[in-house]
Amino acid sequence: MIIKYTAPLRGELSIPGDKSISHRSVMFGALAEGTTEVTNFLTGADCLSTIACFRQMGIEIEQKDTHVLIHGKGLHGLKAPSKILDAGNSGTTVRLLSGILAGQNFDSVITGDETIQKRPMKRIMTPLAGMEADITSVLGNGCAPLQIHGKKLHGTHYDSPVASAQVKSCILLAGLYADGITSVTEPAVSRDHSELMLQYFGADIKSSGFTVSITPEPKLTGTKIRVPGDISSAAYFIAAALLVPGSELLLKNVGINPTRDGMLRICQAMGADITLLNEDHSDAEPCADLLVRSSHLKAVEIGGDIVPTLIDELPILAVLAAFADGTTVIRDAAELRVKESDRIAVMTENLSRIGCPVEATDDGMIITGGRQLHGAVIDSHMDHRIAMSFAVAALACTGEMNIQGAEIVNISYPEFYEDLASVCR
Ligand code: S3P
């Protein structure tokens, strides 16, 4: 994929549905009694992997584009899959589903693509083992494939060393099948979509500070879910409109959950002109339209408790830092090393290729911005967020950007390049 600057970004765009919320709508809908109707579902490959896994366990799911009906069978309605469950590239699918599978009365094996088979699963295996779950890494390397012997679980408290919504959600879902209350404490608050949605489905779940607890065996009831636009996808258009002079772009219906909106706060600290319009707090998940105008940006420090609220936006924030005046320091983000790629290494490699002075640290990056940068050959390392980040960088670079593995955007934003072209005019 060759990308080069054409014109400022103008007009408006509806952002596709939130990936995390779309996954959860299928999972919780499958465990609920009755039908769950989902609108603005994300049709990216990751969420389709979740649908495929539940279909394999006997759940009838009707999907027509972004409209999905899940005919739930209750907490004990899943049936044993006849073959290995395939989560594709989706960490959310493997980790959340493992929590559910641990409490079933059947055995299962779950795995995914090459990348997934390298991502750490001990972070869920350890707390699940503390609930007396029987889960093993088939190759003994702490990664998928995971073999799960389903059984009755034991309620527990887990102090998680990482602020991870996937770990937290896995434990809470296992907690639905435990013999007592299960609770998780995180070092900082990670995205709370599971808590909000489980409550909406009727679960007995409570949050207090950094701790969430769930009481087992509630009846989940099918419901209607309107998925807001994904702020993690909006992030690329926010960045593009900020970077390209003369841009003014309205992004419609973007989720602004406070556990996900760190990028907005950091952009504002960098001097970005972003206005929230039509804020809607009527659903559990708040959303708004975002009006973004091109802005002169300055460097910023990113670290501490804000990191989990913008963890997936750090690659595109690193691109913004490359064009901002001064030196940006990103710290407390070691989690970037275990995402779809080692995002610290891959961002450092690719930012260097476009002429940006950048240094990798153990838990972040130091980026010196403000130079004129140039197009180059970029390797996405088959990471969707790297491909989209450099497609945006291309708009502010001289020359052409040649993105290898550009098609990987299919994971979270299949129409990304078409949408980008549609607003560059
Ligand atoms: C997700 C949580 C985050 C995020 C991922 C989606 C989720 O991962 O990076 O893209 O849907 O729960 P961690 O919870 O492991 O940080």
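Scroll up a little and you will see the structure.
Read on for an overview of the structure. Please read these numbers as outputs of a predicted model, since none were measured by experiment.

Digging into the overall build of the protein chain
Thought 1: From N to C terminus, the protein chain includes twelve helices and 23 strands.
Thought 2: Since a compact globule built from 425 residues should have a radius of gyration of about 22 Å, the 21 Å found for the protein chain is in line with a globular shape.
Thought 3: Seen along its three principal axes, the alpha-carbon backbone of the protein chain occupies a region of about 60 × 40 × 40 Å.
Thought 4: Out of the 425 residues in the protein chain, the part that is buried amounts to 62%.
Thought 5: Sequence separation of 24 or more characterises 75% of the internal contacts of the protein chain that already satisfy a separation of 6 or more.
Thought 6: For the protein chain, the accessible area works out to roughly 14900 Å², and carbon and sulfur atoms hold 51% of it.

A few points about the environment of Gly-222
Thought 1: Positionally, Gly-222 belongs in the loop between strand 13 (211-215) and strand 14 (224-226).
Thought 2: The exposure class of Gly-222 is partly exposed, given its relative accessible area of 22%.
Thought 3: Sequence-wise, Gly-222 and Glu-37 are 185 residues apart; in three dimensions their C-alpha atoms are separated by 8.0 Å.
Thought 4: Not counting residues up to four positions away in its chain, the partners in contact with Gly-222 are Ala-32, Glu-33, Gly-34, Thr-35, Thr-36 and Phe-201.

A short note on the sheet that holds strand 6 (residues 85-86)
Thought 1: Taking strand neighbours across the sheet as the criterion, the four strands line up as 6-7-9-8 in an open arrangement whose pairing is mixed. Both edges of this open sheet fall to strand 6 and strand 8 (134-137), since each of them pairs with a single strand only.

Focus: the side chain of Thr-93
Thought 1: Position of Thr-93 among the secondary structure elements: in helix 3 (residues 91-102).
Thought 2: The exposure class assigned to Thr-93 is buried, which follows from its relative accessible area of 0%.
Thought 3: Within the structure, Thr-93 has its side chain in polar contact with the side chain of Thr-50 (distance 2.8 Å).
Thought 4: Within the structure, Thr-93 has its side chain in polar contact with the side chain of Ser-90 (distance 2.6 Å).

Examining the pairing of strand 19 (residues 326-330)
Walk down a regular strand and you will see the side chains alternate between the two sheet faces.
Thought 1: Pairing of strand 18 (residues 301-302) with strand 19, which is carried by two bridges, proceeds in the parallel orientation. Counterpart to Ile-302 in the pairing with strand 19 is Ile-330.
Thought 2: Read from strand 18 through helix 9 (residues 314-323) to strand 19, the crossover connection turns out right-handed.
Thought 3: Taken together, the five bridges between strand 19 and strand 21 (residues 364-369) define a ladder with antiparallel strand orientation. Along strand 21, the bridge assignment pairs Gly-326 with Gly-369.

Section: the nonpolar core
Across soluble globular proteins, you tend to see nonpolar side chains buried next to one another.
Thought 1: If you look at the biggest cluster of nonpolar residues, it comprises 85 residues, and the most contacted ones within it are Phe-237, Leu-251 and Phe-416.
Thought 2: Here the element with the most residues in this core is helix 7 (residues 231-243); it accounts for eleven residues.

So, the site of the ligand
Thought 1: In the neighbourhood of the ligand, the contacting residues comprise Ser-20, Arg-24, Thr-92, Ser-164, Ala-165, Gln-166, Arg-191, Ile-311, Asp-312 and Lys-339.
Thought 2: For the ligand, an oxygen atom lies 2.7 Å from a polar atom in the side chain of Ser-20.
Thought 3: Contacts to the ligand include Thr-92, whose side-chain N or O atom sits 3.3 Å from an oxygen atom.
Thought 4: Here the ligand loses 95% of its free accessible area of 380 Å² to cover by the protein chains.
Thought 5: If you map the ligand onto the pockets, it falls in the largest pocket.
Thought 6: Within the residue set of the shell around the ligand, elements represented by two or more residues are helix 1 (19-31) and helix 5 (165-175).
Thought 7: In the shell around the ligand, the residues fall into two nonpolar, four polar and four charged.

Side note on the packing of aromatic side chains
Here the distance between the centres and the angle between the planes together describe a pair of aromatic rings.
Thought 1: Enumeration according to the criterion identifies six aromatic pairs in this entry.
Thought 2: Aromatic side chains Tyr-413 and Phe-416 sit 5.5 Å apart centroid to centroid with 70 degrees between the ring planes, which places their arrangement in the edge-to-face category. Both residues of the pair, Tyr-413 and Phe-416, belong to the buried class.

Examining the layout of surface pockets
To find leftover empty space, one rolls a probe the size of a water molecule over the atoms.
Thought 1: Put simply, the largest pocket is a space of about 570 Å³.
Thought 2: Residue assignment for the lining of the largest pocket shows that the elements contributing at least two residues are helix 1, helix 3, helix 5 and helix 11 (384-394).
Thought 3: In terms of residue class, the lining of the largest pocket is built from twelve nonpolar, ten polar and 16 charged.

As for the pattern of salt bridges
Thought 1: Inspection of the entire model under this criterion finds 22 salt bridges.
Thought 2: The partner of Asp-280 in a salt bridge is Arg-226, and the shortest N-O contact between them spans 3.7 Å. Note that Asp-280 is positioned in strand 16 (residues 273-280) and Arg-226 in strand 14, a separation of 54 residues in sequence.
Thought 3: Of the charged contacts in the structure, one is a salt bridge between Asp-273 and Arg-293, with a shortest N-O distance of 3.6 Å. Linking Asp-273 in strand 16 with Arg-293 in strand 17 (residues 287-293), this pair joins segments that are 20 residues apart in sequence.

What counts, and at which threshold
- Residues numbered from 1 in each chain as written.
- Predicted model: local features only at pLDDT ≥ 70, side-chain atom pairs only at ≥ 80, totals over all residues.
- Heavy atoms only, no water.
- Helix = DSSP H or I, 4+ residues; strand = E, 2+ residues; numbered from the N terminus.
- Rg over C-alpha atoms; globule rule 2.2 N^0.38 Å.
- Buried < 20%, exposed > 50% of the residue type's maximum accessible area, 1.4 Å probe, protein only.
- Contact = heavy atoms within 4.5 Å.
- Areas by Shrake-Rupley, 256 points an atom, 1.4 Å probe, with all protein chains shown as cover.
- Pairing = 2+ DSSP bridges.
- Polar contact = N/O pair within 3.5 Å; in protein donor to acceptor, adjacent residues only side chain to side chain.
- Right-handed = clockwise from strand over helix to strand, strands pointing away.
- Core = buried A, V, L, I, M, F, W, Y, C linked by side-chain atoms within 4.5 Å.
- Near = heavy atom within 4 Å.
- 1 Å grid on protein atoms, 1.4 Å probe; cavity = no way out; pocket = protein on both sides within 12 Å on 5 of 7 lines; lining within 4 Å.
- Sits in = over half its atoms within 2 Å of the grid points.
- Nonpolar A, V, L, I, M, F, W, Y, C, P; charged D, E, K, R; others polar.
- Phe/Tyr/Trp six-rings, centres within 6.5 Å; stacked < 30°, edge-to-face > 60°.
- Points joined across faces, edges and corners; volume = space filled by probe spheres on them.
- Salt bridge = Lys/Arg side-chain N within 4 Å of Asp/Glu carboxyl O.

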